[in-house]
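The chain contents come next:
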Amino acid sequence: MLLPARARRRDRPALGENTGAAMPPRAFDVGSPSLWYQGQVQTALARAGGPLWLVRGRGSRVWDSRGHAYLDARSGLWAVLLGYGRDEIVAEVTAQLRALSFAPLTDAAAPVAEELAARIGALAPGDLASVALVPTGSEAVDTALKFARLFHYAGGDRRRRMIVSREYSAHGGTYAGLSLSDPDRGLLRGVGPGLRGVRFAPIPYRYRCRYCAEQPACTLACVGALEDVLVRAGPDRVAAVFAEPVPGPGGVIVPPDPYWPAVRALCDRHGVLLVADEVVTGWGRSGRWFACDHWDVVPDLLVLGKGMTAGYQTLGAVVTRRRIAERLAGRAVPHGFTYSGHPAACAAALAVLRILEDEHLVARAAHLGRRLLDGLRAELAGCPIVGDVRGIGLMAAVELVEDVRTRAPARLSARGLRRLEVDLRSRGVLCFVDNPVIVAPPLVVSDDELTRLVEAVGASVRGLAARRRGTRE
Ligand SMILES: Cc1ncc(COP(=O)(O)O)c(C=O)c1O
């Protein structure tokens, strides 16, 4: 939505400042909410005062119905790479909708879809070049799973059906996405069983590694464990390994440098496809176009979503390497959704790419990411409940512990987390409040906003530590 010109000129209050542009919040019906809030226990949300009514956004900030401004260090839900109110994107989307509001990606396409596919192919590493557009990241995960199995089937290898995923993973909300996500999240409770033939392997979580957390450097024992999972499944029965190069929602778990090349070599050794889910990390968030680029690894399938349209439209993609596209080209492939490659979404994605390039925002994410990490580490040094502060690009995590020596995870009640969230909001900041606390601002966050974000997170976490000691800060 475009703001009236006058409102646009008088924006930018300090974080948390009341603009006075209040609207009465609507009542939240606990018994039968008319709008269902995703991933929430609806009654708990009601007890916590109901949802945040967001009414407008500009730059990296959003305003609630009471007129309070927040720095959106969740980037919506990891999607809003370029902040809110980018008129260029709105103009491109509007022009496309005026010209052609729909083209079925079955036997037709708007030129923007072709143009976008060519641009993605040019940006993606190696020979990743063939692009299947879908409406969301979850549908991209689902499509990648089908492509991986079909690739082997089409090559005459009909036994390769199994998928190896990893602990701490999040792969979306479709049935396939939930089945591939870490079972410890309990996402299939009461819904399952999950898809058959999915196995889970450990990840290189240095801070909590069951193999080498105590060692001075990573021993890559988790790659051996991944191979064990493959071998136990029967290496000739596994279609693909699904993995986020850096699990974001799982805790911004940055692998040691040798990890990804070792996993690539392992997959090659066993004829297994490597699927990189970059729905969160892709499109510049990690400080490179794709997180795989940090380790010069080319996956067989690259899964994209979220940041592609920076939250202005909805779009996902699966990018495949040449040999996969060539093998599947002669077959009917059971993938496709009515809104795949919607012209307005493609126009938004092209506009987003242009802005990322013109404003050098990928390099900026790397640069500001270092500042974010250094800032959080300095701000929280010596805090008795902070065990680890880690990050890459503009995504960082603060892991809370009972005791920094034992690394026992902090026992945080829902009330304690809620209090932390309220405290952060009172300081004008939205971030992902759980353990770890995750911070992921838009790539356009200003230097000043970043400084205040670091201060706010530092103060809120120290406040939590003080409350846990039973003293005031
Ligand atoms: C790594 C990863 N993959 C896939 C998805 C699914 O994306 P979407 O919710 O846009 O369908 C998510 C969502 O959070 C994600 O974090």
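Residues numbered from 1 in each chain as written. Predicted model: local features only at pLDDT ≥ 70, side-chain atom pairs only at ≥ 80, totals over all residues.

## Thoughts on the overall build of the chain
And step 1. Across its full length, the chain holds 14 helices and 14 strands.
And step 2. On C-alpha atoms alone, the chain measures out to a radius of gyration of 22 Å, which is about the 23 Å that the 2.2 N^0.38 rule sets for 473 residues.
And step 3. With the C-alpha coordinates aligned to their principal axes, the bounding extent of the chain is approximately 65 × 60 × 45 Å.
And step 4. Within the chain, buried positions represent 46% of all 473 residues. (Helix = DSSP H or I, 4+ residues; strand = E, 2+ residues; numbered from the N terminus. Rg over C-alpha atoms; globule rule 2.2 N^0.38 Å. Buried ≥ 20, exposed ≤ 12 C-beta atoms within 10 Å, placed from the backbone.)

## Things to note about the sheet that holds strand E7 (residues 238-243)
And step 1. An order of E4-E10-E9-E8-E7-E5-E6 is seen for the seven strands of this open sheet, with the pairing classed as mixed. Bordering the open sheet on either side are strand E4 (128-134) and strand E6 (198-201), each of which pairs with just one other strand. Each neighbouring strand pair of the sheet contributes to a mean axis angle of 20 degrees, computed without reference to strand direction.
And step 2. Strand direction decides the pairing type here: strand E8 (residues 273-277) and strand E9 (residues 301-304), joined by three bridges, are parallel. What sits directly across from Asp277, in E9, is Val303.
And step 3. Strand contacts of helix H8 (residues 221-233): strand E5 (162-166), E6 and E7, with the helix running at about 155 degrees to E6, the strand carrying the most contacts.
And step 4. Helix-sheet contacts for helix H10 (residues 322-329) involve E4, E9 and strand E10 (316-321), and the interaxial angle to E10 is about 95 degrees. (Pairing = 2+ DSSP bridges. Axes fitted to C-alpha atoms, helices over the stretch in contact; angles between N-to-C directions. Contact = placed C-beta atoms within 7 Å.)

## So, the nonpolar core
And step 1. Of all hydrophobic cores here, the largest spans 134 residues; its most connected members are Val275, Leu301, Val303, Ala317, Cys431 and Val457.
And step 2. There are two domains that each give this core at least three residues, and those are domain 1 (11-81 + 360-468) and domain 2 (88-358).
And step 3. In this structure, Val275 is in contact with Ala144, Ala148, Ala240, Val241, Phe242, Pro299, Asp300, Leu301 and Val303, ignoring residues within four places of it in sequence. (Core = buried A, V, L, I, M, F, W, Y, C linked by C-beta atoms within 7 Å. Domains from an automatic or database assignment.)

## Concerning the pairing of E6
And step 1. Here four bridges tie E5 to E6, and the two strands are oriented parallel to one another. In the sheet register, Ser165 faces E6, and the bridge partner there is Phe200.
And step 2. What joins E5 to E6 is helix H7 (residues 175-180), and the crossover it makes is right-handed. (Right-handed = clockwise from strand over helix to strand, strands pointing away.)

## Quick notes on the site of the ligand
And step 1. Not every one of the 17 residues close to the ligand is listed here, only the nearest: Thr136, Gly137, Ser138, Gly172 and Val279.
And step 2. Counting residues per element, the shell around the ligand draws most heavily on helix H6 (residues 137-154), which supplies three residues.
And step 3. Looking at the shell around the ligand residue by residue, the class counts come to five nonpolar, nine polar and three charged. (Near = placed C-beta within 6 Å. Nonpolar A, V, L, I, M, F, W, Y, C, P; charged D, E, K, R; others polar.)

## Re helix H12 (residues 361-380)
And step 1. When the terminal C-alpha atoms of H12 are compared, their 27 Å separation across 20 residues agrees well with the 28 Å that a helix rising 1.5 Å per residue should span.
And step 2. For H12, every residue scored as buried is listed here: Leu361, Val362, Ala365, Leu368, Gly369, Leu372, Leu373, Gly375 and Leu376. The arc that holds every buried residue of H12, seen down its axis, measures 165 degrees, which confines them to one face.
And step 3. Against helix H11 (343-358), strand E11 (386-392), strand E12 (395-400), strand E14 (437-439) and helix H14 (447-468) lie the buried residues of H12.
And step 4. Residue Gly382 follows H12 closely and has a positive phi angle near 80 degrees. (Expected span 1.5 Å × (residues − 1). Arc of directions from axis to C-beta.)

## A short note on the sheet that holds strand E1 (residues 54-58)
And step 1. With mixed pairing, four strands are arranged side by side in an open sheet as E1-E2-E3-E13. Edge positions in the sheet fall to E1 and strand E13 (429-430), since each of these pairs with one other strand and no more.
And step 2. Sheet topology places strand E2 (residues 61-64) next to strand E3 (residues 69-72); three bridges connect them, and they run antiparallel. Looking at the pairing, Val62 lines up with Tyr70 of E3.

## Observations regarding helix H4 (residues 87-99)
And step 1. Over its 13 residues, H4 extends 18 Å from the first C-alpha to the last, a length consistent with the 18 Å expected when each residue adds 1.5 Å.
And step 2. Those residues of H4 not exposed but buried are Ile89, Glu92, Val93 and Gln96. Projection of H4 onto a plane perpendicular to its axis shows the buried side chains occupying an angular sector of 95 degrees, all on one side. Summarising the geometry of H4, the exposed residues directed more than 90 degrees from the buried face are Asp87, Ala95 and Arg98.
And step 3. On its buried face, H4 is in contact with helix H5 (111-123) and H11.

## A closer look at the domain arrangement of the chain
And step 1. Partitioning the chain into structural domains gives domain 1 (11-81 + 360-468) and domain 2 (88-358).
And step 2. Placing the centre of domain 1 and that of domain 2 at their C-alpha centroids yields a distance of 27 Å.
And step 3. Across the contact, 25 residues belong to domain 1 and 21 residues belong to domain 2.
And step 4. Sorting the residues of the side of domain 1 that touches domain 2 by element identifies helix H3 (75-78), H12, E11 and E12 as the ones contributing at least two each.
And step 5. A per-class count over the side of domain 1 that touches domain 2 returns 16 nonpolar, five polar and four charged.

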